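# Report on the structure
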Amino acid sequence: QQLAWLDAHGYTPISLDAWAAAGRGAPLPGKPVLLTFDDGYASFHEHVLPLLELFDFPAVLAPVTSWIETPPGRPVAYGDTLVPRERFMAWSDIREARDSGLVEIATHSHDLHRGIPGNPWGNAQPAAVTRAYRDADGTYETEAAYRARVRADLAESVAVLEQRIGARPRTVVWPYGAYEAAASAEARRLGLEFGMTLEEAPNSPLQRNVHRRLIGADMDLDDFVRTVRGLYAPQPLRAAHVDLDYVYDDDPAQQARNLDRLLDRIKALGIN
């Protein structure tokens, strides 16, 4: 239904080649859409690839290489849970998608799609953008160590993809859509020309990071249509200034209540 609606209403799915060419001055169609699929779920091979072939729509597929490297019969460490290996594609499935001529393979990292301790309170934060907190000595990962960790992970993912499908990726799809300048610089050093985020912001062909809108599995067609149309309509910017002096309290219980109230207000105000 979603792909049929795009096709019937003048939206044109484009390839990364077309996006790269636009950065060099080539024209884009009137309502271009870049379709991307993260993680490497088996459902991409079972459901999405046949639909892309039916509609002749290009797309980008970004597997987490450590998940695909997991041997058959062993569970995949998916966040904080273990899930059956069968929920993810095999390398033969990924090669079939690439050989369709419609699907470009990107990296979704090797093992950065997880949370790591980011502060003394034990909050898990995205591994690709967090300076890890070491509880043993109460210190944070140095900038040099952080850069080296991100670079090593992305380099391993690039090497695995090159070995398994015979081509180096040019795009990193940041896990959870989270990225920052140092990580982006390390990605470029490895030849990863583009990055993909989950920021709900406009795109320009000259930018390296492509902003994306998340299409959830629970999104019905009406919500999908509103989301797609919203990509081409001006979006209001709602910001808030927060004075943390009024959040902090000597009493941890009171500080927790203050933080809860703050988050409730931010959500209610629609701060984006």
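Described below are features of the structure shown in this document. (Residues numbered from 1 in each chain as written. Predicted model: local features only at pLDDT ≥ 70, side-chain atom pairs only at ≥ 80, totals over all residues. Heavy atoms only, no water.)

## Focus on the environment of L16
On the secondary structure map, L16 appears in helix 2 (residues 16-23). Its relative accessible area of 1% is what places L16 among the buried residues. L16 has contacts with L34, V60, E104, R170, T171, F194 and M196, leaving out every residue within four places of it along the chain. (Helix = DSSP H or I, 4+ residues; strand = E, 2+ residues; numbered from the N terminus. Buried < 20%, exposed > 50% of the residue type's maximum accessible area, 1.4 Å probe, protein only. Contact = heavy atoms within 4.5 Å.)

## Things to note about empty space enclosed by the protein
Tallied over the entire structure, the rule returns 1 cavity of 30 Å³ or more. Of the volumes computed, that of the largest cavity is approximately 60 Å³. As for the largest cavity, its lining consists of V172, W174, S184, A187, R188, L192, E193, F194, G195, R208 and N209. For the lining of the largest cavity, the leading source of residues is helix 7 (residues 181-189), giving 3 residues. Across the lining of the largest cavity, the residue classes break down as 5 nonpolar, 3 polar and 3 charged. (1 Å grid on protein atoms, 1.4 Å probe; cavity = no way out; pocket = protein on both sides within 12 Å on 5 of 7 lines; lining within 4 Å. Points joined across faces, edges and corners; volume = space filled by probe spheres on them. Nonpolar A, V, L, I, M, F, W, Y, C, P; charged D, E, K, R; others polar.)

## What about the pattern of salt bridges?
This model, assessed by the stated rule, comprises 16 salt bridges. A salt bridge links E69 to R164; the nearest nitrogen and oxygen atoms lie 2.9 Å apart. Of the two residues, E69 is situated in helix 4 (residues 65-69) and R164 in helix 6 (residues 143-165); the sequence distance between them amounts to 95 residues. The exposure class of E69 is partly exposed, given its relative accessible area of 28%. In this structure R164 comes out as partly exposed when scored by relative accessible area, which is 33%. A salt bridge links R147 to E186; its shortest N-O distance comes to 2.7 Å. Of this pair, R147 sits in helix 6 while E186 sits in helix 7; the two residues are 39 residues apart in sequence, bridging distant segments of the chain. R147 gets classed as partly exposed once you look at its relative accessible area, which sits at 29%. Judged by its relative accessible area of 1%, E186 falls in the buried class. (Salt bridge = Lys/Arg side-chain N within 4 Å of Asp/Glu carboxyl O.)

## Here we look at the layout of surface pockets
Each pocket or cavity is described by its volume, and for the second largest pocket that value is around 260 Å³. Lining the second largest pocket are A240, H241, V242, D243, Y246, V247, N258, R261, L262, R265, I266 and L269.

## Some details on the sheet that holds strand 14 (residues 209-210)
Read from one edge to the other, the open sheet built from 3 strands follows the order 12-13-14, with strand pairing classed as parallel. Strands at the two margins of the open sheet, each flanked by one partner only, are strand 12 (171-173) and strand 14. With 3 bridges connecting them, strand 12 and strand 13 (residues 194-196) associate as parallel partners. The residue bridging V173 from the neighbouring strand is M196, located in strand 13. Sheet contacts for helix 2: strand 12, strand 13 and strand 14; angle to strand 13, the most-contacted strand, approximately 120°. (Pairing = 2+ DSSP bridges. Axes fitted to C-alpha atoms, helices over the stretch in contact; angles between N-to-C directions.)

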